[in-house]
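Commentary on secondary and tertiary structure
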Amino acid sequence: MCGILGCVGDEVSSVLVRGLKRLEYRGYDSYGFATLGDSGIYVVKEVGKIGDVRLPSSKLGVAHTRWATHGRVSRENAHPHLSCDKGVAVVHNGIISNYLELKRELEEKGHKFTSETDSEVIAHLLEEYLKDHGLKDAMLKTVRRLKGDFSFIAMFEGVEVLAGARFGPPLVLGCGSGENFVASDVLAFIDRTDDVIFLDNGELVILGKGFYELFDLDGNPVKKRPVKVAWEVADVSKKEFAHYTLKEIHEQPSTIPRALIQDDGRLKPFLEALKGSPIYFVGCGTSYHACLVAKYLLAKVLKKPAEVILGSEVGYYSELMDGGVLIAISQSGETADVLKAVRMAKAKGMKVYSIVNQVNSTLARESDHFLSINCGPEIGVAATKSFTAQLALLELLVMGVAGKRPNLDGIGEAVGSVMHDELMKEIAERFKGSNDFYFVGRGIHYPIALEGALKLKELSYVHAEGMAAGELKHGTLALISDGTPVVVINPKDETYNETMSNAIELKSRGARIIGVSDEPSSVYDYHVKIPKLDWYAYPLVEVVPLQLLAYYMAVLRSEDPDHPRNLAKSVTVE
Ligand code: F6R
């Protein structure tokens, strides 16, 4: 849940600051840098988002952007953490589960701790082992003592090298010309090099200006060649947009068609798997909503049931899940709850198929087969373009099992036609003072109602509830009063008449209806027009105006849509 970066070269100060800003999507409650100067390790730490930081000139340094897990948000708990002698600085991502025991042991040896974090033990352990060992051995001895899921980078006074270790969260080595990098994500250094080596779990690295050495937990060399990262990964600018979130919403006319371009050989095992049973889908947040759409697709197209389980709930189904196929959906491929589910399924001998955006992620590597939604980096914390890309790929798969291809030839244009920025801004202006919003839909549109509500909550902090329209009368209707905004997702398909009845019921109780439909109606206070499409393609165009609504609500309420409070892009803790 944090972002870490280390650089070594001729002059890295501005590279560190720029790179860390690109990692802010991973966490942004505090940040810090350490650089190496003539008088030792120089540290800057602050609470909040990365401001206008000016670091002294340095040939190497480390940086960290935090999403607090152990210890509150404070300057003391921000990384880097130093050893007692200030000779080691460490930035860490993940969790050291045995830190209390290690801390006690180190305190007994006289070490003084200055933070409440689990991370600080790494700096003190390294200091302890460096008394009698060289750097590589000190690293090995340190990681052998740590339990949990972690990756970290360390720097050392008086030595122009960095050391890193991966035992869980991702760590990538960037091999530049006269400079090297190590970071949680390629994005941190993509403007300097696209030659990278993805460290596997249990691997360590020592890097200097013109060299790097990879080794395993036994100290044996690991031989790996750098690979080039795809051009899409390099596309990390906001272009003319005010925020990444808005840019990513507007990218969907091109990202959705791209998700449909898949290699037949890679599709084949998925098509076979979907013929089997039982089928379990697992995901969290927005990816869970994509799983719910898949359930409707399977029911209607293949007449097959599927279980959809939240990543965090899979453990409670362990008796039930014994055989069959697990399809895991995750943009980041690093969501801890999903990974736990996958490991549980694999331990039971189940085959795991995953749908990811990050092809080098842990999920992709641990799955028997994976497919990429191929939508390029999603920097905005809220999932937008990755959701519609997941849906498009699921449509391709489910239709593929039925021996058909989804009719999505003009989908890019259709999605372009629902970029109703002005209308959604007007609706946001009208309802920006509302405390509660409701989103309703039936059938395949119900997950879109859930997604619309999730986007609004996380971007604008307005309470919102998504629900199956037919459920209103079982309780929630009691909350509708004069002026309550309700988004009714109502395309002209088999759900239309019943959803329209719900809209009329809502209106008669004072609700203001925002109707998302290809058919205008006097019931709607605002009509958000979508094009007429095949039933399974409607979700792709319905959700886009809802993303825009959430975005403009955030902006009009003076919130930062790219960095919603308390959230992070990849949730690598359970
Ligand atoms: C919502 C959002 C989250 C993620 C969830 C799963 O906008 O971004 O709900 O969808 O944390 O993330 P992935 O798909 O990376 O597993």
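Residues numbered from 1 in each chain as written. Predicted model: local features only at pLDDT ≥ 70, side-chain atom pairs only at ≥ 80, totals over all residues. Heavy atoms only, no water.

1. Here's the deal with the sheet that holds strand β22 (residues 485–489)
Definition in use: When DSSP finds two or more bridges between two strands, those strands count as paired. By the criteria applied, helices consist of DSSP H or I runs no shorter than four residues and strands consist of E runs no shorter than two, each listed in order from the N terminus. Here an axis means a line fitted to C-alpha atoms, over the contact stretch when the element is a helix, while the angle between two N-to-C directions is reported on a 0 to 180 degree scale. Contacts are assigned to residue pairs with any non-hydrogen atoms lying within 4.5 Å of each other.
Here we have five strands laid out as an open sheet, ordered β21-β20-β22-β23-β24, and parallel in their pairing. Two strands close off the open sheet at either side, each with one partner strand: β21 (463–468) and β24 (526–529). Each strand of the sheet is rotated relative to its neighbour by a mean of 20 degrees, with strand direction disregarded. Bridge count for strand β20 (residues 436–441) against β21 is six bridges, and the pairing is parallel. Paired with Val-440 across the bridge in β21 is Met-467. In the packing of helix α15 (residues 446–460) onto the sheet, the strands contacted are β20, β21 and β22, and the crossing angle to β21 comes to about 175 degrees. Along the sheet face, helix α16 (residues 496–508) touches β20, β22 and β23 (512–517) and points at about 170 degrees away from the line of β22.

2. Section: the domain arrangement of the protein
How we decide: An automatic or database domain assignment provides the domain bounds reported here. Defined in terms of a 1.4 Å probe, buried area is the accessible area two parts forfeit on being brought together, summed over both. For salt bridges, the criterion is a side-chain nitrogen of Lys or Arg within 4 Å of an Asp or Glu carboxyl oxygen.
Examined at the domain level, the protein breaks down into domain 1 (3–234), domain 2 (238–416) and domain 3 (419–574). A straight line from the C-alpha centre of domain 1 to that of domain 2 covers 32 Å. Contact with domain 1, which involves 11 residues of that partner, is made by 10 residues of domain 2. With both chains or domains summed, domain 1 and domain 2 bury close to 980 Å², and 53% of this area falls on carbon and sulfur atoms. Joining domain 1 to domain 2, the criterion identifies one salt bridge.

3. Topic: the environment of Ala-163
With respect to the helices, strands and loops of the structure, Ala-163 is situated in strand β8 (residues 162–167). Placed 280 residues apart in sequence, Ala-163 and Gly-443 show a C-alpha to C-alpha distance of 52 Å. Setting aside chain neighbours within four positions, we find Ala-163 in contact with Leu-135, Met-139, Phe-152, Ile-153, Ala-154, Phe-156, Val-205 and Ile-206.

4. Thoughts on helix α17 (residues 538–556)
Operational definition: How far a helix is expected to stretch is found by multiplying one less than its residue total by 1.5 Å. Each residue gets one of three labels from its accessible area relative to the maximum for its type: buried under 20%, exposed over 50%, partly exposed in between, using a 1.4 Å probe on protein chains only.
Over its 19 residues, α17 extends 28 Å from the first C-alpha to the last, a length consistent with the 27 Å expected when each residue adds 1.5 Å. Most of α17 sits inside the fold, with 17 of its 19 residues counted as buried.

5. Observations concerning the layout of surface pockets
Going by this rule: Lining residues are defined by having an atom within 4 Å of a point belonging to a cavity or pocket. Those points lie on a 1 Å grid over the protein atoms alone, cavities being sets where a 1.4 Å probe fits but cannot get out and pockets being open sets with protein on both sides within 12 Å along at least five of seven lines. Grid points are joined across faces, edges and corners, and a volume is the space filled by probe spheres set on the points. Side-chain classes are defined by residue name, with Ala, Val, Leu, Ile, Met, Phe, Trp, Tyr, Cys and Pro counting as nonpolar, Asp, Glu, Lys and Arg as charged, and the others, Gly among them, as polar.
If you add up the space inside the second largest pocket, you get close to 470 Å³. Along its surface, the second largest pocket is lined by 25 residues, and Cys-284, Gly-285, Ala-568, Lys-569 and Val-571 are the ones closest to its centre. Of all the elements in the fold, those that place two or more residues in the lining of the second largest pocket are α9 (285–302), β17 (325–330), α10 (336–347) and α15. A total of three residues in the lining of the second largest pocket trace back to one element, the largest contributor, which is α9. Within the lining of the second largest pocket, the residues separate by chemical class into 12 nonpolar, nine polar and four charged. Inspection of the lining of the second largest pocket shows a minimum of three residues originating in each of domain 2 (238–416) and domain 3 (419–574).

6. Things to note about the packing of aromatic side chains
Note the threshold: Think of it this way: a Phe, Tyr or Trp ring, Trp meaning its six-membered ring, pairs with another when their centres are within 6.5 Å, and the plane angle makes it stacked under 30 degrees, edge-to-face over 60, tilted otherwise.
Under the defined criterion, the tally for this structure stands at 10 aromatic pairs. Aromatic side chains Phe-431 and Tyr-526 sit 6.2 Å apart centroid to centroid with 75 degrees between the ring planes, which places their arrangement in the edge-to-face category. Residue Phe-431 is located in helix α14 (residues 421–431), and its partner Tyr-526 is located in strand β24; the two are separated by 95 residues in the primary sequence. Each of the two residues, Phe-431 as well as Tyr-526, counts as buried.

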